[in-house]
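Each chain, letter by letter, is given below.
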Amino acid sequence: MRTASRFLIVIIFLGVVLGGIFGYKFYQFGQMEEQASQPQPPAKISATTAKAEQWTPELKAVGSIKAVNGIEVANELPGVVETISFESGDSVEKGDVLIRLDAAIDEAALRTRRAEAQLAEQEFKRASDLLPKRAVSQSRYDESKANFDAARARVNEAEAQLSKKVIRAPFDGKLGLRLIDQGEYIGTGTPIVEINMLDPIYVDYTLSEKDLPRVDREYDVTATVAAVPDRTFEGKVSAINTSVNPESRTVRIRATLENEDNLLRPGMFATIATRQPEDRDVITLPRTAISYNTYGDYVFVVEENDDGDLIVNRRTVQTGDTRDGRVAVTDGLEEGERVVSKGLLRLRAEQKVEIQEDSDKSAEASE
């Protein structure tokens, strides 16, 4: 009897405990269903309006700065550096002397050639005087003339050889670092100094073959470089390559930029925008209003449902150029439509919303 009573008491106790647990859980589920059945409060959003603007179409690309003329000056003949007439970083004009090589042997050779030419000239004059008197044969006259011509040619050769011992600037430009020292023996083709013509200056870049009809000579070009981030350099398209690269399907473009301050240097990486001459009407939105997705860009459009409540619906759009924080929408949106400008990830289709901030009015107020 005692065992049965204890067993009964345990069963009753367990029943009370389990019943309490199940009852509490049932009460929780009921509260959750009641909350779920209640309408969700509208999501607070920021909205903006699609605007119609006039933009000048641009083709964006990247390229490299290149000097109009830029070389590494080198010598044609070997020799010992006698004098250096420049310093690193100097600006020079065409014909300015850069260095002189020791030319003592060449000067002596030139004097010898001139003496030989003088003797040949005298013999030729003597033969010329005697030929009318038939005191010399025609062959002797011809030989003396040939000797005189050959002697003059050797003089010219010696003068040219001597002139190559003086290295001059081939064009107006700015010098780089001096690469040789006075008294140094330099062999043929030794780099002496780099010289570049910096104003104007070229920028070379490539565009896709599909953009070829949208670019032509004399189109305006702007370029920016990392070295001068707050400066925009202007110029014009000066040349378009006559062929398309068969591997990349791109065409090379060259533009000429103004560079009065010599801020642009050959080899710099540049971002280039090629502008077309006519403006076009575009629908624009702030960049934050568009969600970029692998399967297509989209926006959330603010609409009214049958009850007059504001809701949002997702809509796929086609985007174009980006400028000053705004994006051109080429398809999928009309002027005047309202879209969500911030916080797109927490929204879903047909969700009720409440406009907390009007981005357009805020922008007007700040102005």
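Provided above is the structure to which this section pertains.
Given the structure is predicted, the values throughout are model-derived calculations rather than measurements.

1. Considering unusual backbone geometry
Point 1. Omega for the bond connecting D199 with P200 falls within 30 degrees of zero, at 0°, which places this linkage in the cis form.
Point 2. Structurally, the position occupied by P200 is in the loop between β11 (191-196) and β12 (201-208).
Point 3. In the Ramachandran plot, E218 falls in the positive-phi region, its phi being about 75° despite a non-glycine side chain.
Point 4. Tracing the backbone through its elements, the reader meets E218 in the loop between β12 and β13 (220-225).
Point 5. Even without glycine at this site, N262 takes up a positive phi of about 55°.
Point 6. On the secondary structure map, N262 appears in the loop between β15 (250-257) and β16 (269-275).
Point 7. The class of N262 is partly exposed, set by a relative accessible area of 25%.

2. Topic: the pairing of β15
Point 1. Because side chains alternate across β15, one face comprises the buried residues V251, I253, A255 and L257, and the other comprises T250, R252, R254 and T256, none of which is buried.
Point 2. As paired strands, β12 and β15 are joined by eight bridges and run antiparallel to one another. Within the sheet, the bridge partner assigned to Y205 lies in β15 and is I253.

3. Describing the environment of G176
Point 1. Residue position: G176 is located in the loop between β9 (173-175) and β10 (185-186).
Point 2. The spatial distance from the C-alpha of G176 to the C-alpha of S163 is 24 Å, given a sequence separation of 13 residues.
Point 3. Beyond its immediate chain neighbours, meaning those up to four positions away, G176 contacts S88, G89, V193 and E194.

4. As for the sheet that holds β15
Point 1. Strand order around the closed barrel formed by six strands is β3-β12-β15-β14-β13-β16, with antiparallel pairing between neighbours. On average, adjacent strands in this sheet sit at an angle of 40° to one another, irrespective of strand direction.
Point 2. Sheet analysis places strand β14 (residues 228-240) next to β15, joined by five bridges and oriented antiparallel. Bridge pairing in β15 places V237 opposite A255.

5. Here's the deal with the sheet that holds strand β8 (residues 166-168)
In a beta sheet, neighbouring strands pair by backbone hydrogen bonds and run either parallel or antiparallel.
Point 1. Taken together, four strands build an open sheet; the order of strands is β8-β7-β5-β10 and the sheet is antiparallel. Either end of the sheet is taken by a strand with one partner, and the two such strands are β8 and β10.
Point 2. Two strands pair when backbone bridges link them, and strand β5 (residues 79-84) and strand β7 (residues 97-101) are joined in this way by three bridges, in the antiparallel orientation. Looking at β7, one finds that I84 is bridged to I99.

6. Quick notes on the packing of helix α2 (residues 104-130) against helix α3 (residues 138-163)
Each pair of packed helices can be summarised by the angle the axes make with each other and by the distance between the axes.
Point 1. Where α2 contacts α3, the axes come no closer than 8 Å and their chain directions differ by 160°. Taken together, α2 and α3 sit at an angle that is classed as roughly antiparallel. Crossing handedness for the pair α2 and α3: left-handed.
Point 2. Of the residues that constitute the contact of α2 with α3, the class distribution is 11 nonpolar, four polar and 11 charged.

7. A closer look at the side chain of D106
Point 1. Here D106 shows up in helix α2.
Point 2. Of note is the side chain of D106, whose polar atom sits 2.7 Å from the side chain of K165.
Point 3. With sequence-adjacent residues up to four places away left out, D106 is seen in contact with Q161, L162 and K165.

Criteria and thresholds
Numbers given for residues are sequential positions, taken from 1 along each chain in its written order. This being a predicted model, a pLDDT of at least 70 is required before a residue's local features are given, and a value of 80 or more before pairs of side-chain atoms are given or counted; all residues contribute to the totals for chains, interfaces and linings. Side-chain numbers here rest on the full set of heavy atoms in the structure, without hydrogens or water. By definition, any uninterrupted DSSP run of H or I lasting at least four residues is a helix, any uninterrupted run of E lasting at least two residues is a strand, and each is numbered from the N terminus. When accessible area is computed with a 1.4 Å probe and restricted to protein chains, residues below 20% of their type maximum are described as buried, those above 50% as exposed, and intermediate ones as partly exposed. Strand pairing is assigned whenever DSSP identifies at least 2 bridges connecting the two strands. Contact definition: two residues touch when any of their heavy atoms are within 4.5 Å. The axes used here are C-alpha line fits, helices contributing only the stretch in contact, and every angle between their N-to-C directions lies in the interval 0 to 180 degrees. Any angle from 65 to 115 degrees is called roughly perpendicular, while one under 35 is roughly parallel, one over 145 is roughly antiparallel, and all others are oblique. A clockwise turn of the near helix away from the far one marks a right-handed crossing, whereas an anticlockwise turn of less than a right angle marks a left-handed crossing. We call Asp, Glu, Lys and Arg charged. Ala, Val, Leu, Ile, Met, Phe, Trp, Tyr, Cys and Pro are nonpolar, and the rest, Gly among them, are polar. Here a polar contact is taken to be a pair of N or O atoms separated by no more than 3.5 Å, where protein atoms must pair a possible hydrogen donor with a possible acceptor and residues adjacent in sequence count only if both atoms sit in side chains.

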